[in-house]
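# Results of the structural survey
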Amino acid sequence: MTYQQAGRIAILKRVAGWVIFIPALLSTLISLLSFMFKHSEKQPGIDAVMLDFVHVMVDMVKFNTPFLNVFWQNSPVPEFNGGANIGFWLIYILIFVGIALQASGARMWRQSRHIKEGIEDQLIMEQAKGSEGRTRAQLEEKIHMPRHTIFLQIFPLYILPIIIAIAGYFVLKLLGML
């Protein structure tokens, strides 16, 4: 693949990454808010104040975001106390696939820009040689860009989901919802 093709693919990867990331993040956040709303019923003790606050806040967010009704009505509400939650976990993983796709596109974009600048610099040097210097086409035909896969994005694709899931577990545990 040429560096021009790599630049175009990089742009597509970045756009696709954002298109996947934003709806998946919204859906996951709304799923978690719906879970918190569902499990914030009246309880005795000190937890009651915190759960009432959570209940009111989630209700207020839902009321003030009518443009997100598609997500409020269709996002899967997880059941962490024994349910399979496959839909919730798939959407959760899509967040990190989108991040990895965007990061891969950003890396390809940086490499294609660096190569383009290198060709421009080398072309100046070749023109200084006169008639025996190579042309732009000769320089470009020697360059082949490697394919970048999202699976090489170790931190955003493999480590970050686990860290955030563990942090979410502790937050829900502190709120008394697990």
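Everything numeric here is computed off the predicted structure, so don't read it as measured data. (Residues numbered from 1 in each chain as written. Predicted model: local features only at pLDDT ≥ 70, side-chain atom pairs only at ≥ 80, totals over all residues. Heavy atoms only, no water.)

Here we take up the pattern of salt bridges. This structure, assessed with the given rule, holds three salt bridges. Where Lys38 meets Glu79, a salt bridge forms, and the shortest distance between an N and an O atom there is 3.4 Å. Highlighted residues: Lys38 in helix 1 (residues 3-38) and Glu79 in the loop between helix 3 (69-74) and helix 4 (86-128), separated in sequence by 41 residues. Salt-bridge contacts for Arg134 lead to Glu126; the nearest nitrogen and oxygen are separated by 3.2 Å. Here the salt bridges share partners, and the residues they tie into one network are Glu126, Lys129 and Arg134. (Salt bridge = Lys/Arg side-chain N within 4 Å of Asp/Glu carboxyl O. Helix = DSSP H or I, 4+ residues; strand = E, 2+ residues; numbered from the N terminus.)

It is worth spelling out the environment of Phe155 at this point. Looking at where Phe155 falls in the secondary structure, it is placed in helix 6 (residues 154-174). Considering only alpha carbons, one finds Phe155 and Leu90, 65 residues apart in sequence, at a separation of 18 Å. Those residues in contact with Phe155, other than ones at most four positions away along the chain, are Leu160, Pro161 and Ile163. (Contact = heavy atoms within 4.5 Å.)

The next subject is the side chain of Gln102. Structurally, Gln102 can be placed in helix 4. Since its relative accessible area comes to 17%, Gln102 is described here as buried. Not counting chain neighbours up to four residues away, the residues in contact with Gln102 comprise Lys13, Arg14, Gly17 and Trp18. (Buried < 20%, exposed > 50% of the residue type's maximum accessible area, 1.4 Å probe, protein only.)

This next bit is on the nonpolar core. With 11 residues, the main nonpolar core is built from Ile30, Phe35, Met36, Leu51, Val54, Val58, Leu68, Trp72, Leu172, Leu175 and Met177. Secondary structure elements with two or more residues in this core: helix 1 and helix 2 (47-64). Dropping the residues within four chain positions of it, Phe35 is found in contact with Val77, Pro78, Phe80, Leu172, Met177 and Leu178. Counting seven residues, the second-largest nonpolar core is a separate cluster that includes Met1, Tyr3, Ala10 and Met145. (Core = buried A, V, L, I, M, F, W, Y, C linked by side-chain atoms within 4.5 Å.)

Moving on, we come to the confidence of the model for the chain. Predicted coordinates in regions of low pLDDT should not be interpreted in detail. This prediction gives the chain a mean pLDDT of 86; 97% of its residues lie at or above 70. The least confident element of the chain, judged by mean pLDDT, is helix 5 (residues 136-141) at 80; the most confident is helix 1 at 91. (pLDDT = per-residue confidence, 0-100.)

Moving on, we get to a nonpolar patch on the surface. Together, Phe151, Ile154, Phe155, Tyr158, Ile159, Ile163 and Ile164 give the surface a local cluster of nonpolar side chains, amounting to about 670 Å² of exposed area. Note on Phe155: relative accessible area 44%, which makes it partly exposed. (Patch = residues over 30% accessible without salt bridge, like charges linked within 9 Å, V, L, I, M, F, W, Y side chains within 5 Å. Areas by Shrake-Rupley, 256 points an atom, 1.4 Å probe, with all protein chains shown as cover.)

Turning to the packing of helix 4 against helix 6, a few remarks are in order. Where helix 4 contacts helix 6, the axes come no closer than 9 Å and their chain directions differ by 140°. On the basis of their axis angle, the class for helix 4 and helix 6 is oblique. The handedness of the crossing between helix 4 and helix 6 comes out as right-handed. Mapping the contact onto sequence places Tyr92, Phe96, Val97, Ile99 and Ala100 in helix 4 and Pro156, Leu157, Leu160, Pro161, Ile164 and Ala165 in helix 6. Here the residues of the contact of helix 4 with helix 6 sort into 11 nonpolar, no polar and no charged. (Axes fitted to C-alpha atoms, helices over the stretch in contact; angles between N-to-C directions. Parallel < 35°, antiparallel > 145°, perpendicular 65-115°, else oblique. Left-handed = near helix turned anticlockwise from the far one by under 90°. Nonpolar A, V, L, I, M, F, W, Y, C, P; charged D, E, K, R; others polar.)

Before going further, it helps to spend a moment on helix 6. The terminal C-alpha atoms of helix 6, which comprises 21 residues, lie 30 Å apart, in line with the 30 Å expected from a rise of 1.5 Å per residue. Maximum bend of helix 6: about 40°, positioned at Leu160, with proline Pro161 one to four residues after it. Of the positions making up helix 6, those classed as buried are Pro156, Leu157, Leu160, Pro161 and Leu172. Elements that come into contact with the buried residues of helix 6 comprise helix 1 and helix 4. (Expected span 1.5 Å × (residues − 1). Bend = angle between axes of the 7 residues up to and from the residue.)

The subject of this paragraph is the packing of aromatic side chains. For the structure shown, the criterion picks out six aromatic pairs. Note on Trp18 and Phe21: the rings are 5.7 Å apart at their centroids and 80° apart in plane angle, and the pair reads as edge-to-face. Here Trp18 pairs with Phe21, and both are found in helix 1, just three residues apart, close to one helical turn. The interplanar angle of 75° and the centroid separation of 5.1 Å between the aromatic rings of Tyr92 and Phe96 together place this pair among those described as edge-to-face. Of this pair, Tyr92 and Phe96 both sit in helix 4, separated by four residues, roughly a single helical turn. For Tyr92, a relative accessible area of 7% translates into the label buried. (Phe/Tyr/Trp six-rings, centres within 6.5 Å; stacked < 30°, edge-to-face > 60°.)

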